[in-house]
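Structural overview for review
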Amino acid sequence: MSNEELTQRWRSALADNYGTPRLPLVRGEGTRVWDADGKEYLDFVGGIAVNALGHAHPAVVRAVGEQIASLSHVSNLFVAEPPVALAERLLQLFDRPGRVYFCNSGAEANEAAFKIGRLTGRRHMVATDGGFHGRTMGALALTGQQGKREPFHPLPGDVTHVPYGDVDALRAAVTTDTALVVVEPIQGEHGVVVPPKGYLEAAREITRATGTLLVLDEVQTGVGRCGHWFEHQAHGVEPDVVTLAKGLGGGLPLGATVVFGEAADLLKPGHHGSTFGGNPVSCAAGLAVLDTLAAEGTLDQVKRLGERLREEIEALGHPLVSHVRGAGLLLGIVLTEPLAPRVQQAAQDAGLLVNAPAPDVVRLMPPLIVGDDDVDVFLRVLPGVLDEASGERRAGE
Ligand code: PMP
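As the structure is a prediction and not an experimental result, all values here were calculated from the model. (Residues numbered from 1 in each chain as written. Predicted model: local features only at pLDDT ≥ 70, side-chain atom pairs only at ≥ 80, totals over all residues.)

Check the secondary structure of the protein chain and you find 12 helices and 15 strands. What you see for the protein chain is a C-alpha radius of gyration of 21 Å, in line with the 21 Å of a compact globule of 397 residues. The dimensions of the protein chain, computed from C-alpha atoms along their principal axes, are 65 × 55 × 45 Å. Residue burial in the protein chain is summarised as follows: out of 397 residues, 50% are buried. Here the analysis covers contacts within the protein chain between residues at least 6 apart in sequence; of these, 71% occur between residues at least 24 apart. (Helix = DSSP H or I, 4+ residues; strand = E, 2+ residues; numbered from the N terminus. Rg over C-alpha atoms; globule rule 2.2 N^0.38 Å. Buried ≥ 20, exposed ≤ 12 C-beta atoms within 10 Å, placed from the backbone. Contact = placed C-beta atoms within 7 Å.)

Turning to the sheet that holds strand β3 (residues 40–43), a few remarks are in order. Read from one edge to the other, the open sheet built from 4 strands follows the order β1-β2-β3-β13, with strand pairing classed as mixed. Among the strands making up the open sheet, the edge pair consists of β1 (25–29) and β13 (352–353). Both β1 and strand β2 (residues 32–35) contribute to a ladder of 4 bridges, which runs antiparallel. Looking across to β2, one finds that Leu25 is bridged to Asp35. (Pairing = 2+ DSSP bridges.)

So, about the UniProt feature "binding site: N(2)-acetyl-L-ornithine" (unreviewed entry) in the protein chain. When the UniProt feature table is mapped onto this chain numbering, "binding site: N(2)-acetyl-L-ornithine" (unreviewed entry) sits at Arg135 and Ser274. By the element assignment, Arg135 lies in the loop between β5 (124–128) and α5 (137–142). C-beta crowding within 10 Å serves as the criterion here: with 14 such atoms nearby, Arg135 is assigned to the partly exposed category. Each residue touching Arg135, except ones within four places of it in the same chain, is listed here: Ala107 and Leu140. Mapped onto the fold, Ser274 is located in the loop between β10 (255–260) and α9 (280–295). Assessed through the 17 C-beta atoms surrounding it within 10 Å, Ser274 is described here as partly exposed. Leaving out residues up to four positions away in the same chain, Ser274 has contacts with Cys103, Asn104 and Glu108. (UniProt positions renumbered as here; feature names shortened; annotations may be inferred.)

What follows deals with the UniProt feature "binding site: pyridoxal 5'-phosphate" (unreviewed entry) in the protein chain. Mapped onto this numbering, the UniProt entry gives "binding site: pyridoxal 5'-phosphate" (unreviewed entry) at Gly106, Ala107, Phe132, Asp217, Glu218, Val219, Gln220 and Thr275. Spanning 170 residues, the named residues are also spread out in space, since their farthest C-alpha pair is 25.2 Å apart. The topology assignment puts Glu218 in the loop between β8 (213–217) and β9 (241–244). On the basis of neighbour counts, which here come to 30 C-beta atoms within 10 Å, the residue Glu218 falls in the buried class. One can find Val219 in the loop between β8 and β9.

A separate point is the environment of Val215. Tracing the backbone shows Val215 in strand β8. Residues Val215 and Pro239, 24 residues apart in the sequence, show an inter-C-alpha distance of 6.2 Å. Residues contacting Val215, with those up to four places away along its chain left out, are Ala113, Leu180, Val181, Val182, Pro239, Asp240, Val241 and Thr243.

Below, the discussion takes up the confidence of the model for the protein chain. Residues of the protein chain with pLDDT of at least 70 account for 98%, and the chain-wide mean is 95. Note on the complex model: pTM 0.96, ipTM 0.99. (pLDDT = per-residue confidence, 0-100.)

Another point: the site of the ligand. Neighbouring the ligand are 14 residues, the closest being Ser105, Gly106, Ala107, Gly134 and Val219. Per element, the largest residue contribution to the shell around the ligand is 3 residues, and it comes from helix α4 (residues 106–118). Of the residues assigned to the shell around the ligand, the class counts are 4 nonpolar, 7 polar and 3 charged. (Near = placed C-beta within 6 Å. Nonpolar A, V, L, I, M, F, W, Y, C, P; charged D, E, K, R; others polar.)

Bringing the packing of helix α2 (residues 58–70) against α9 into the picture now. In the contact formed by α2 and α9, the axes pass within 8 Å of each other and the chain directions differ by 150°. Considering the angle they form, α2 stands roughly antiparallel to α9. When the axes of α2 and α9 are compared, the crossing they make is right-handed. Mapping the contact onto sequence places Ala59, Val60, Ala63, Val64, Gln67 and Ile68 in α2 and Pro280, Val281, Ala284, Ala285, Leu287, Ala288, Val289, Asp291 and Thr292 in α9. Looking at side-chain class alone, the contact of α2 with α9 contains 12 nonpolar, 2 polar and 1 charged residues. (Axes fitted to C-alpha atoms, helices over the stretch in contact; angles between N-to-C directions. Parallel < 35°, antiparallel > 145°, perpendicular 65-115°, else oblique. Left-handed = near helix turned anticlockwise from the far one by under 90°.)

Looking now at helix α12 (residues 372–389). For α12, built from 18 residues, the straight-helix expectation of 26 Å at 1.5 Å per residue is met to within 8% by its first-to-last C-alpha distance of 25 Å. The largest bend along α12 reaches roughly 30° and is located at Leu382, with the proline Pro383 sitting one to four residues downstream. Taken together, the buried positions of α12 are occupied by Asp374, Val375, Phe378, Leu382, Val385, Leu386 and Ala389. Check the buried side of α12 and you find it contacts β3, α10 (298–315), β11 (321–327), α11 (340–349) and β13. After α12 finishes, the residue Gly391 shows a positive phi value of roughly 85°. (Expected span 1.5 Å × (residues − 1). Bend = angle between axes of the 7 residues up to and from the residue.)

Once that is clear, we can look at the pairing of β11. The side chains of a regular strand alternate between the sheet's two faces. As defined by bridge partners, β11 adjoins strand β12 (residues 330–335) across 6 bridges and the pair is classed as antiparallel. By the bridge assignment for β12, Val324 is matched with Ile333. In sequence, β11 turns back onto β12 through a hairpin of 2 residues, with Gly328 there showing a positive phi of about 55°.

Before going further, it helps to spend a moment on the sheet that holds strand β4 (residues 98–103). With mixed pairing, the 7 strands of this open sheet are ordered in space as β4-β10-β9-β8-β7-β5-β6. The sheet is open, and its two borders are formed by β4 and β6 (158–162), each paired with just one other strand. On average, adjacent strands in this sheet sit at an angle of 20° to one another, irrespective of strand direction. In the sheet, β4 pairs with β10 via 6 bridges, with the strands oriented antiparallel.

Below you can see the structure in the form of structure tokens.
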């Protein structure tokens, strides 16, 4: 099977959800993936969804294999150990008592948060411009990207979107009728947008004053991505609800809505659930992810390598690079021109996978187990990629 063959079969059999070219991949190991023609790539974007531990991590492979060989059954009639252990482990990492609702994706995790909001008896909700919370109807109602919302009006709920990072706008929008405020600690899909210092703290203060739930969507920033278990922990903020997915499942579909305090009692038996949410196999993978990240001290490495990437990319002094923003290993290279799609393509040609969430932002989200050797390769290849995307070729090439 070749790249061309797989691409043709994809085009004739699968819906094109995203309308963007897709690289036909057949294998992954660690920080590397291979396409159907056998070309190798350094994967600096797989962490977006695939997993924290890179491709085919032995701890995940073992945990999934053992679990599926012993018990993969899910039902509303039984309790298995892996979801219990994973919920206990998550609450330990939050260092607060609470309740965990497992599901299969980020959108579903936010749907549960939406339902919890409804159960407060208040109808109004506040979310942010540019925010992304998923593509199911409730999650889309919270999402602040017009193009994605437009075709689906009317969307459920009475949602006000406010400019991200603007404390005054948030304060003006939130009243004692507001059920919840939902915010990403860093807006990943919108281009790794980092709010001004003190924003999450202000959101907590504003919501506390009005008895409004603060929901933090950590689907992209959580599970070690930004150098802390959860990014809000870097700000000393205690949210009422945190939503998780992506890296949590080690490559398997797994999401979680973690609820603290009185909000944890709003959903009553019969209100919520899903067949595969909290299935033992995905939860065994999730436990392997958390165990491995903790045992290998990966979070310190995430902080160090994130800083190294930021400093060394900026130090290149390339005219196409304005600056680098983000936290840990969720980084956006902000360009001086809207050439991010060209950078993505030039990088792919050079055997490097990155993506372009905005026309002028190149996003880096490598697996968290990335090493200095991988960063060396990235930094060696990047200047040529930026030259190529700018339409220049360096002398001698
Ligand atoms: N929230 C955030 C912050 C996300 O980045 C995403 C996915 N990009 C989602 C929710 C939706 O997750 P999923 O695709 O698993 O539904």
